[in-house]
Amino acid sequence: MAQVQIFIKKSIWESDFLFPGAIWLISRLFIWIAMLLIAPNLPKPVEGVLPSFGLGVFDAWDSVHYRSIATSGYEFINDGRQHNIAFFPLFPLMVRGVMNLGLPFEVAGLLVNNITFLAALYCVYFWVAEHHGTNGARWTTTVLAWCPLSLFGTVIYTEGLYLFLSAAALRAFDRQQYRWTAFWGAMATATRPTGMALIPALLLAAWRERRPRIAYLAAAATTIGLLLFSLYCAIDFGDAIAFINAQKGWRPSLGFDGQGWWNMLLEIALGKSDGQHSWIQRLLHPLLCSIIVSSGYLLWREQQKLSSVIKIYVFYAVVTISLILASDRYITNLLNAVMVLGGAYLLWRLRKELTSVTVFYGFCGIALLLASGGTISLSRLAYGIVPLSIALGVFLERYPRQGYLIIGWFSVLLARIAIGFAQDRWVG
């Protein structure tokens, strides 16, 4: 019996077919338990609500806008306020299609996002395995599934669908399957604004690798999804760029928000200086920042030297406790900075090992985020740029001991963010 159990375990973790599905199921169960079982049994937060057991915990924030689109359609007036035309159409269209089978919005939205997130894990796994081997694929899939922002691959958001479509387009380009590149790319540009980063990335990769003319045509064809949405806006609202103008309701201006970034980094290091907090509270922020940075550095150094296990556990425990005790705003700002700046660093460091289209799309995606104005939701939007997860996965393959510890931190933050979302608190 024991031999059978060992065989089953090995067959799951060593199987290319089963591994992505297993890592998806375990990580999603982790989120569902946090949101459905733990969050309703915690004390009511000062900000937020006390959730009850039910699918309503997955339906909040942007989900409200997808619901309105799927049930009532788009609305827009160019008055600088928030309108749902800012949200691209493919996800709510797919949800509406599932709803036509007789399912309620919550069930339809969860099915679309979760199934496409599973498909994204499989697509990324086999794509990375082709270039970096099985171990690199497993680490990358694990990073995607356990990243704190992977919560948005489970709630009623577009992350699962966009990750799948963008990864499928990039993989097809690497395999020189240009018709599929155009198809998946066009679907991606109809799903999220960040899909626009695929266009220059594919063109630059085609130029860098001296691809044939059809590669450039495939890159240009990815604009079809965006152009069709623009045509709809022109017909229905008389404004072909209504989806851009509607962004004013969420972001006051386009372009790099240098002041916003400066304020965010200062707040990470020093805390808010608006006078609303006592001097003790303001002192805790730089102390927390120094503890996380210094302990993380010492942990990495000790791991590199393979020295005292006790020291490793002490440093790890200090960082873990700090992440648990930090405020929601601090965690949000920290994730914004780490996802964007850390992701850019890893892409640059591994630029000679990753495929050209992976690197170009990663940097084009980051550039688009930086040019979008503001720092709201940066970490979640950066998570949707799949090359950042690939870069981290390939990197951690070389340092598996550190990788296991980082995945542990991911799980702590994932539980925290999942509970926060269920409590209707802003988490990204």
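Residues numbered from 1 in each chain as written. Predicted model: local features only at pLDDT ≥ 70, side-chain atom pairs only at ≥ 80, totals over all residues. Heavy atoms only, no water.

S.K.: What's the story with the overall build of the protein in this structure? I'm lost.
M.R.: Along its length, the protein carries 19 helices and 0 strands. Per-residue burial over the protein gives 54% buried out of 428 residues. Counting contacts in the protein only where the partners sit at least 6 residues apart, residues at least 24 apart contribute 74% of the total. With an accessible surface of roughly 19,800 Å², the protein has 67% of that area assigned to carbon and sulfur atoms. (Helix = DSSP H or I, 4+ residues; strand = E, 2+ residues; numbered from the N terminus. Buried < 20%, exposed > 50% of the residue type's maximum accessible area, 1.4 Å probe, protein only. Contact = heavy atoms within 4.5 Å. Areas by Shrake-Rupley, 256 points an atom, 1.4 Å probe, with all protein chains shown as cover.)

S.K.: I'm lost on unusual backbone geometry in this one. Help?
M.R.: Excluding glycine, residues mostly have negative phi values, and the peptide bonds linking residues are mostly trans. One non-glycine residue, Gln176, lies in the positive phi region at around 60 degrees. Note that Gln176 resides in the loop between α6 (159–174) and α7 (178–189). In this structure, Ser377 takes a positive phi of about 65 degrees despite not being glycine. Position of Ser377 among the secondary structure elements: in the loop between α16 (356–371) and α17 (378–383). Judged by its relative accessible area of 7%, Ser377 is buried.

S.K.: Looking at this model, I keep getting lost on the nonpolar core. Mind explaining?
M.R.: Looking at soluble globular proteins, one finds that nonpolar side chains tend to be buried together. Counting residues in each nonpolar core, the largest one holds 134 residues, and the members touching the most others are Met35, Leu151, Val386 and Phe421. With sequence-adjacent residues up to four places away left out, Val386 is seen in contact with Val124, Trp127, Leu144, Leu163, Ala167, Leu170 and Tyr361. (Core = buried A, V, L, I, M, F, W, Y, C linked by side-chain atoms within 4.5 Å.)

S.K.: Mind showing me how you'd approach α7 here?
M.R.: Working note: α-helix, 3.6 residues per turn, so residues spaced by three or four point in the same direction. Taking 1.5 Å as the rise per residue, α7 with 12 residues should run 16 Å; its terminal C-alpha atoms sit 16 Å apart, in good agreement. Tucked into the core, α7 has its buried residues touching α6, α8 (198–208), α9 (213–221) and α10 (224–237). (Expected span 1.5 Å × (residues − 1).)

S.K.: What exactly am I supposed to notice about the pattern of salt bridges here?
M.R.: Once their charged atoms are close, side chains differing in charge can pair, the charge on each being opposite to the other. For the structure on display, the rule yields 11 salt bridges. The salt bridge involving Arg175 is made with Glu130; its shortest N-O contact spans 2.4 Å. Of this pair, Arg175 sits in the loop between α6 and α7 while Glu130 is found in helix α5 (residues 105–146), placing the two residues 45 residues apart along the sequence. Taking relative accessible area as the criterion, Arg175 reaches 38% and is therefore assigned partly exposed. A salt bridge links Asp328 to Arg416, with the shortest nitrogen-to-oxygen separation between them at 3.1 Å. With a gap of 88 residues between them, Asp328 in helix α15 (residues 328–349) and Arg416 in helix α19 (residues 400–422) connect regions that are remote in the sequence. Its relative accessible area of 27% is what places Asp328 among the partly exposed residues. (Salt bridge = Lys/Arg side-chain N within 4 Å of Asp/Glu carboxyl O.)

S.K.: Please explain the packing of aromatic side chains as it appears in this structure.
M.R.: The way to describe two aromatic rings as a pair is by their centre distance and the angle between their planes. The final tally for this structure, using the stated rule, is 26 aromatic pairs. Ring centres 5.7 Å apart and planes at 50 degrees place the aromatic pair Tyr74 and Tyr232 in the tilted group. Placement of the pair is Tyr74 in the loop between α3 (62–72) and α4 (90–99) and Tyr232 in helix α10, with a sequence separation of 158 residues. A relative accessible area of 29% places Tyr232 in the partly exposed class. Here Phe183 and Trp184 contribute two aromatic rings whose centre-to-centre distance is 5.0 Å and whose plane-to-plane angle is 70 degrees, an arrangement assigned as edge-to-face. Here Phe183 falls in the partly exposed class, since its relative accessible area comes to 39%. In this structure an aromatic cluster arises from ring pairing among Tyr74, Phe76, Phe88, Phe229, Tyr232, Phe237 and Phe243. (Phe/Tyr/Trp six-rings, centres within 6.5 Å; stacked < 30°, edge-to-face > 60°.)

Bear in mind that shape data such as this cannot, by itself, settle questions of function.
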